[in-house]
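Coordinates in review
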Amino acid sequence: MAFQPWPGVSHLELGRHLVECIKKMLRVGGELKWRDVVRRGRPEAILALIQAAAEVRYTAFHYTGEAKLAARLEELVRGADLVVLDNQLLPRGLKVGVKTVERD
């Protein structure tokens, strides 16, 4: 997701606010997982809500190694100002060529 913040508000605060709103809508108490969206809500409605607030890019491919992962990720983030990564999904030290924010 990519947000355009305003002075005094960070990208992370905007993203956190959106996630908290979705959690309230779905009545999720802990960490928000995609399976919660599928079980408790309409995924297309949640995606539309997110896309109204942020640019969303995604891809799917068969993982065959770090080199292919790095190439696909670089292709995906090309032109982005900021990328937020789930660092538990990526190999340590993987560089994508843009400013990244990693959060557990």
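Described in the following lines is the structure provided in the data block.

Rules of the game
Residues numbered from 1 in each chain as written. Predicted model: local features only at pLDDT ≥ 70, side-chain atom pairs only at ≥ 80, totals over all residues. Heavy atoms only, no water. Helix = DSSP H or I, 4+ residues; strand = E, 2+ residues; numbered from the N terminus. Buried < 20%, exposed > 50% of the residue type's maximum accessible area, 1.4 Å probe, protein only. Contact = heavy atoms within 4.5 Å. Areas by Shrake-Rupley, 256 points an atom, 1.4 Å probe, with all protein chains shown as cover. Lys, Arg positive; Asp, Glu negative; His and termini not counted. Salt bridge = Lys/Arg side-chain N within 4 Å of Asp/Glu carboxyl O.

A short note on the overall build of the protein
Counting its secondary structure elements, the protein contains 4 helices and 2 strands. The buried share of the protein, taken over its 104 residues, is 23%. For the protein, long-range pairs separated by at least 24 residues make up 24% of all intrachain contacts whose partners lie at least 6 apart in sequence. Here the protein displays about 7,800 Å² of accessible surface, and carbon together with sulfur accounts for 52% of that area.

Some points on the side chain of Asp36
Counting through the fold element by element, Asp36 comes out in helix α2 (residues 34-40). There is no salt bridge for the buried Asp36, and the closest opposite charge comes from Arg40, which lies 4.5 Å off by N-O distance. Asp36 has contacts with Leu26, Val28, Glu31 and Gly41, leaving out every residue within four places of it along the chain.

Any link to function would need more than the numbers given here.
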